[in-house]
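These are the residues of each chain, in order.
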Amino acid sequence: MKVLLAAPRGYCAGVDRAVETVERALAQFGAPVYVRKQIVHNAHVVRDLESKGAIFVEELDEVPEGANAILSAHGVAPEVYEQARGRSLQTIDATCPLVTKVHFEARKFASDGFDIVLIGHEGHEEVIGTMGEAPSSITLIEKPADVDSLDLPGNKVAYLSQTTLSVDETNEVIAALRERFPQIQGPPREDICYATQNRQTAVKEIARRADVVLVIGSQNSSNSKRLAEVARVAGAESYLIDDETEIDPAWLDGAQTVGITSGASAPEWLVDRVVDWFRGRGETDVEEVRVVHEDVHFGLPKELDRA
Ligand code: SF4
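Keep in mind the model is a prediction, meaning the values are calculated, not measured.

Thresholds applied
Counting restarts for each chain, with residues numbered from 1 along the sequence as it is written. Where local features are concerned, this predicted model is filtered to residues with pLDDT of at least 70; where side-chain atom pairs are given and counted, the filter is 80 or more; whole-chain, interface and lining totals use all residues. In computing side-chain properties, one takes all heavy atoms of the structure into account and sets aside hydrogens as well as water. Only DSSP runs of H or I covering at least 4 residues are called helices, and only runs of E covering at least 2 are called strands; the numbering of each starts at the N terminus. The globule rule is 2.2 Å times the number of residues to the power 0.38, and the radius of gyration it is compared with is taken over C-alpha atoms. Burial classification: accessible surface area is computed with a 1.4 Å probe over protein chains only, and a residue below 20% of its type maximum counts as buried, one above 50% as exposed, and the rest as partly exposed. Whether two residues are in contact is decided by their heavy atoms: any pair within 4.5 Å suffices. Only the protein chains shown count as covering a residue, and every accessible area follows the Shrake-Rupley method with a 1.4 Å probe. When charges are tallied, Lys and Arg are placed among the positive residues and Asp and Glu among the negative ones, while His and the ends of the chain are skipped. Throughout, a charge is located at the NZ atom of Lys, the CZ atom of Arg, the CG atom of Asp or the CD atom of Glu. If a single non-hydrogen atom of a residue is within 4 Å of a molecule or strand, that residue counts as near it. As a working rule, the residues Ala, Val, Leu, Ile, Met, Phe, Trp, Tyr, Cys and Pro are called nonpolar, Asp, Glu, Lys and Arg charged, and the rest polar, with Gly in that last group.

## Remarks on the overall build of the protein chain
When helices and strands are tallied, the protein chain shows eleven helices and twelve strands. Against the 2.2 N^0.38 benchmark of 19 Å for 307 residues, the protein chain shows a C-alpha radius of gyration of 20 Å, consistent with a compact globule. For the protein chain, the spread of C-alpha atoms along the three principal axes comes to 60 × 55 × 30 Å. Counting every position in the protein chain, which comprises 307 residues, the buried fraction comes to 54%. A separation threshold of at least 6 residues defines the contact pool for the protein chain, and within that pool the share at least 24 residues apart is 75%. With an accessible surface of roughly 13,700 Å², the protein chain has 46% of that area assigned to carbon and sulfur atoms. Distance between charge centroids for the protein chain: 4 Å, based on 31 positive and 51 negative side chains.

## What about the site of the ligand?
Neighbouring the ligand are Cys 12, Gly 14, Cys 96, Leu 98, Thr 163, Thr 164, Cys 193 and Tyr 194. Counted by class, the shell around the ligand contains five nonpolar, three polar and no charged residues.

By themselves, these are just geometric observations and shouldn't be taken as functional.
Right, here's the structure in full:
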């Protein structure tokens, strides 16, 4: 059996920054450091940070007054910042700069009088945060069929999207929007981020050559779930796993080639563990398939720089 490793895979610049933010905060301020929501959507990462002294909470009212509180990479609505101020929290904002960019676009379109159609998944933290920037101007849709039922009061319409969607499916939604609203405006640069796009391009490439693709990532990770879907559309069986313990050997029956990739919130050591699992079964023919080089880095939140 041959094993193909997709590249790029795993941590994006926003996740790298968010995880380092928690680690630096623990080093500088000492434990505990509170984190609102999962800092990134990966069960292993969250458990690891918990073991180092991070306390994950759902809402800021669970954080003691005046304590350090980190906001997750997915971004928050303005009311969360207000709540943090009201409780005198020392807030460290780990929102990915590419999510902040979408928030800025939402505010700009709303202040210019546009009705905004946001393409995204209901209930996802990033979507909740973006909608909070202009709640009365934004309507959420998920698929092309939702476009028909849009009832927008004005004649100025714009669209934005969640950063971690399927590129191909989102293009279908945008095409439907353009058909219904020919004058619709979009963001100056695509909202689906470079990391999402690159990982989907890479998984398509290995899925083309593989019978089965294993995507390492947690079930609540939007970009990881999209990778598994993209692999399926490209013709491979695909499974989303948190780690090697979730591999069912029956999935591999008859497979000549297996592809492996990892979502933007999954650390590389989980990939190593999965590859070691295959090596332990005597599968030593491992090839990395790189479709694009990435060199994106974000500085740490300013609150940490100052500290
Ligand atoms: Fe930022 Fe994209 Fe990573 Fe999300 S997936 S944290 S938007 S770089």
